[in-house]
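Residues per chain, in single letters:
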Amino acid sequence: MSEAIAVEKLSKRFILGALQRDTMLRERLISLLRAPFRPQPAPNVLWALSDVSFRVDAGEVVGIIGRNGAGKSTLLKVLSKITYPTSGKVHVDGRVASLLEVGTGFHEELTGRENIYLNGSILGMKHEDVAAKLDSIVNFAGVAQFLDTPIKRYSTGMRLRLGFAVAAHLDPDVLVVDEVLAVGDAGFQRKCLNAMEGLRTGGRTVLFVSHNMAAVENLCTRCLWIDSGQVRMDGSPREVIEAYMNTFANARETMADLRSVKNRRGSGEIRYTGMEYISSAGEPINVVRSGDAFTIRFHYHAEKPIVFPSFGLRLYTEMGALVTDTSTWHHAIEIPVVPPGDGYLDLQVDFLNLLPARYYFSLWITEGGAATPVYDNVEHCAQLDVELSNIYSSGRLLDSRSGIVYFPQRWQIPEPLLVGAADKEEAK
Amino acid sequence: MNSEWFVEFWRYRELLYFLAWRDVKVRYKQAALGASWAVIQPLLTMVIFTLFFGGLARVPSDGIPYPLFSFCALVPWTYFSTILGHAGNSLVSNAQLITKVYFPRVLLPAATVLSGLVDFLVGGVFLALMMIYYHVRPGWSLLLAPLFVVGMVVLAFSASMFLAALNVRYRDVKYALPFLVQIWLFVTPIIYPITFLTPKMRRLMVFNPMAGLLEGFRSSLLATRRMDWRLAGISAALTLILLVIGALYFRKTEKTFADIV
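Everything numeric here is computed off the predicted structure, so don't read it as measured data.

1. Observations concerning the overall build of chain B
Part 1 of the argument: Regarding its fold elements, chain B presents 12 helices and zero strands.
Part 2 of the argument: Helices and strands in chain B line up, N terminus first, as α-α-α-α-α-α-α-α-α-α-α-α.
Part 3 of the argument: Taking contacts inside chain B between residues at least 6 apart in sequence as the whole, the part at least 24 apart equals 81%.

2. A word on the overall build of chain A
Part 1 of the argument: When its secondary structure is counted, chain A shows 10 helices and 22 strands.
Part 2 of the argument: Here chain A, with 428 residues, has 35% of them falling under the buried criterion.
Part 3 of the argument: Long-range pairs, those at least 24 residues apart, make up 73% of the contacts in chain A with a sequence separation of at least 6.

3. Section: the sheet that holds strand 1 (residues 3–16) of chain A
Residues and elements named next belong to chain A.
Part 1 of the argument: The sheet built from three strands is open, its strands ordered 2-1-4 with antiparallel pairing. The strands lining the two open edges of the sheet, one partner per strand, are strand 2 (44–57) and strand 4 (87–92). Sheet twist, expressed as the average angle between the axes of neighbouring strands with direction ignored, equals 20°.

4. Some words on the nonpolar core
Part 1 of the argument: Counting residues in hydrophobic clusters, the biggest one holds 139 residues, and the most contacted among them are Phe 208 of chain A together with Leu 107 and Ala 156 of chain B.
Part 2 of the argument: If one sorts the elements of this core by residue count, helix 4 (residues 66–93) of chain B sits on top with 15 residues.
Part 3 of the argument: Among the nonpolar cores identified, the runner-up in size contains 25 residues, and Ala 256, Phe 294, Leu 354 and Leu 384 of chain A belong to it.

5. Regarding the sheet that holds strand 7 (residues 205–209) of chain A
Residues and elements named next belong to chain A.
Part 1 of the argument: Spatially, six strands are ordered 5-6-7-3-8-9 in an open sheet, and the strand pairing comes out mixed. Of all strands in the sheet, those bounded by a partner on one side alone are strand 5 (96–99) and strand 9 (230–235). The mean inter-strand angle of the sheet, taken between neighbouring strand axes irrespective of direction, is 15°.
Part 2 of the argument: Helix 2 (residues 72–79) contacts strand 3 (61–65), strand 5, strand 6 (174–178), strand 7 and strand 8 (222–227) of the sheet and is inclined by roughly 150° relative to strand 7.

6. Concerning the interface of chain A and chain B
Part 1 of the argument: Counting residues at the interface gives 25 residues for chain A, matched by 21 residues for chain B.
Part 2 of the argument: Of all the secondary structure elements, the ones that give two or more residues to the side of chain A that touches chain B are helix 1 (25–34) and helix 3 (112–122) of chain A.
Part 3 of the argument: Its residues placed into classes, the side of chain A that touches chain B shows 10 nonpolar, nine polar and six charged.

7. Observations regarding the pairing of strand 6 of chain A
Residues and elements named next belong to chain A.
Part 1 of the argument: Most of strand 6 sits inside the fold, with five of its five residues counted as buried.
Part 2 of the argument: Side chains Val 174, Val 176 and Asp 178 project from strand 6 onto one buried face, and the interleaved Leu 175 and Val 177 project onto a second face that is buried too.
Part 3 of the argument: Looking at chain direction, strand 5 and strand 6 are connected through four bridges and run parallel. Pairing of Ala 97 across the sheet is with Leu 175, part of strand 6.
Part 4 of the argument: Where strand 6 and strand 7 come together, five bridges link them in parallel fashion. In the strand pairing of strand 7, Val 174 is matched with Thr 205.

8. Re the packing of helix 10 (residues 209–221) of chain B against helix 11 (residues 229–253) of chain B
All names here are of chain B.
Part 1 of the argument: Here helix 10 crosses helix 11 at 130°, and the two axes come no closer than 7 Å. It follows that helix 10 is oblique to helix 11 by the angle criterion. Note on packing geometry: the crossing formed by helix 10 with helix 11 is left-handed. For the pair helix 10 and helix 11, the contacting residues are Pro 209, Ala 211, Gly 212, Leu 213, Glu 215 and Gly 216 in the first and Leu 231, Ala 232, Ile 234, Ser 235, Leu 238, Thr 239 and Leu 242 in the second.
Part 2 of the argument: Taken together, the residues of the contact of helix 10 with helix 11 sort by class into eight nonpolar, four polar and one charged.

9. Observations regarding the environment of His 86 of chain B
Part 1 of the argument: Its place among the elements puts His 86 of chain B in helix 4.
Part 2 of the argument: Sequence spacing of His 86 of chain B and Gly 116 of chain B is 30 residues, and the spatial spacing of their C-alpha atoms is 9.5 Å.

10. Section: unusual backbone geometry
Residues and elements named next belong to chain A.
Part 1 of the argument: Positive phi outside glycine occurs at Ala 332, with the angle close to 55°.
Part 2 of the argument: The residue Ala 332 is located in the loop between strand 18 (322–327) and strand 19 (337–338) in this model.
Part 3 of the argument: Of note in this structure, His 380 is not a glycine but carries a positive phi near 45°.
Part 4 of the argument: Relative to the assigned elements, His 380 resides in strand 22 (residues 376–387).

11. A look at helix 6 (residues 107–133) of chain B
Side chains three or four residues apart in an α-helix point the same way, a direct result of the helix having 3.6 residues per turn.
Part 1 of the argument: Between its first and last C-alpha, helix 6 of chain B extends 39 Å over 27 residues, near the 39 Å set by a 1.5 Å rise per residue.
Part 2 of the argument: Positive backbone phi, approximately 55°, marks His 135 of chain B, located one or two places after helix 6 of chain B.

12. Let's talk about the environment of Ala 165 of chain A
Residues and elements named next belong to chain A.
Part 1 of the argument: Here Ala 165 is to be found in helix 5 (residues 156–168).
Part 2 of the argument: In this structure the C-alpha to C-alpha distance between Ala 165 and Leu 134, which are 31 residues apart in sequence, comes to 9.8 Å.
Part 3 of the argument: Discounting residues that sit within four places of it in the chain, Ala 165 has contacts with Ile 137, Phe 140 and Ala 141.

13. What about the pairing of strand 8 of chain A?
Residue and element names in this part refer to chain A.
Part 1 of the argument: When strand 3 meets strand 8, the two strands line up parallel, connected through four bridges. Each bridged residue has a counterpart across the sheet, and for Val 62 the counterpart in strand 8 is Arg 222.
Part 2 of the argument: In terms of strand pairing, strand 8 meets strand 9 through five bridges, oriented antiparallel. Along strand 9, the bridge assignment pairs Cys 223 with Gly 235.
Part 3 of the argument: Hairpin connection from strand 8 to strand 9: two residues lie between these consecutive antiparallel strands, with Ser 228 at a positive phi of about 50°.

14. Quick look at the packing of helix 4 of chain B against helix 6 of chain B
All names here are of chain B.
Part 1 of the argument: Direction vectors running N to C along helix 4 and helix 6 enclose 165°, while the axes themselves pass 9 Å from each other. On the basis of the axis angle, helix 4 is roughly antiparallel to helix 6. Read as a crossing pair, helix 4 and helix 6 show a hand that is right-handed.
Part 2 of the argument: Here the residues of the contact of helix 4 with helix 6 sort into 15 nonpolar, eight polar and one charged.

15. Overview of the confidence of the model for chain B
Residues and elements named next belong to chain B.
Part 1 of the argument: The predicted model of chain B has a mean per-residue pLDDT of 85, with 96% of residues at 70 or higher.
Part 2 of the argument: Across chain B, the element-wise mean pLDDT spans from 78 in helix 1 (residues 3–11) up to 92 in helix 7 (residues 145–169).
Part 3 of the argument: Two summary scores accompany this predicted model of the complex, namely pTM at 0.69 and ipTM at 0.72.

16. Some points on the environment of Gly 157 of chain A
Part 1 of the argument: Here Gly 157 of chain A is to be found in helix 5.
Part 2 of the argument: It is 9.7 Å that separates the C-alpha atoms of Gly 157 of chain A and Ala 141 of chain A, two residues lying 16 residues apart in sequence.

Thresholds applied
Residues numbered from 1 in each chain as written. Chains lettered and ligands numbered in written order. Predicted model: local features only at pLDDT ≥ 70, side-chain atom pairs only at ≥ 80, totals over all residues. Helix = DSSP H or I, 4+ residues; strand = E, 2+ residues; numbered from the N terminus. Contact = placed C-beta atoms within 7 Å. Buried ≥ 20, exposed ≤ 12 C-beta atoms within 10 Å, placed from the backbone. Pairing = 2+ DSSP bridges. Axes fitted to C-alpha atoms, helices over the stretch in contact; angles between N-to-C directions. Core = buried A, V, L, I, M, F, W, Y, C linked by C-beta atoms within 7 Å. Nonpolar A, V, L, I, M, F, W, Y, C, P; charged D, E, K, R; others polar. Parallel < 35°, antiparallel > 145°, perpendicular 65-115°, else oblique. Left-handed = near helix turned anticlockwise from the far one by under 90°. Expected span 1.5 Å × (residues − 1). pLDDT = per-residue confidence, 0-100.

Below is the structure:
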């Protein structure tokens, strides 16, 4: 497998506060006259990238994720030779096409047709290539009737579609895409993702920066997490995305503190003191995704020995619908005695069948199978945020409009109905 | 200066034509007067010069009717000065492109230089008409005229590269430019013939490459005048030196464009 991209100890520094240094020639001349050998004041610097190293083989589709300002776009720019490294080496094998902004090179006064040629030329396509693909490009963008109108009359959506249409018909060895899919309606996003899927199956190398985790997971074979100018993690999309998502939620406490909750009923001889979520890897988390496996740990404190308690929870939607009511009693687990003091018990969830939404917990501890909680009952004391995930491996983002729960499933469509599906996709 | 630069330039030549064509198209598309702007500017200037310099001040013009004398120099000069202005700003005004796409940046000033040739051609047509009107019969030296045109194009390109790169770093260059061009107009023998100057001043004239090229152009068209080969030769050499300097400076600062534009 040949190597398409090799980045070695790449660092990129930006100089801030440009006003400190002379930006006007007359100022520079004056300062030269006054003190010919005095250097310009040391500028504030920002290291957008520090010591970044990684390699990409031909044919890999790499997703790059990270917070805003982490250095992702700078990395793409260096790979596209738009800006140059301050130190380190970058080598890219083959023709690179970058889509850092849609509609690069569009000129307002020229018509759609003329801009297709211009845009194509700027992105590196030869005139004949553009001509050969013109019809395909126009169909993809859906602007056939506006082809001879100046671009300045186009809506933003049309420009976006046109820009992406041209880029989608490039034939580069390496394609670098920066968050251009963030704009555009759902139908268009689907088209873009399909186009990129087509590139992947065509054996191209793709670098794809996005905040759309479902798309990254669906398209990419590998994922890089860039944080504060460095490669924080490099691995399979699912792992990296999960780790990344968890850092977001860490602004809040990972453990819900239940000790000070006031409106609770029950005798209090044993009561919940805390609740936390733990990932399958053993790390405390605050956010889970549809389909995840994780553990809920319930911390309690008992004043005196408690005989045959049962611990349970109720899960509610934001609207107040009861999703599920479960407990140790439901599982016919008998706990003979709980000694006084602090302790915990775990509930392991094998597969979270909940769709993305916010859910609330009510917790209770009672005696055996008693209907009314005897010892402790706290309502709506903790929340669970379930995040988007590629649940049906379709790349579609499904949220709470699709219901509360889902289940592993497959559609079986009889062959005759599927004939002609490929052609229909083309015509779209 | 390695060969890679030239190879890339050649590879992107289609884009060069496109950018030049884009400039031309936009200039001529919606402007009602369109092509005539290329002619009106030198024409009007010529009229004013004729009235004031030729008429009132009685500046001699080597035996050629003053309007023709000045127009002959004004057509290439208009090209040169317009190019300097546009190309000098070409990088900054295309900041959007430079920060988003890779292509050899030198294509931008080069495209301006190329698109200006269309204006030059239009002006040239009028010049030919004028020559016919004044019954000027050009000699074999007419064949030399394209050489001088090439020289002026190269000079314009060299200056453009240098100024465009400089303008990215120091933004006030584009304001100083019109002033510089004005001065350059007066130190070049456009309004007056070179014979108008004292021998001492004529010696200083060698430092102005435009002087030799313009004089040469004029002499080649209006065959009544003797060609000043020495001056033309020096100007050509200076032009080549400036080409190298301009290109080197551009190449040196090219890497920082996307960061500071």
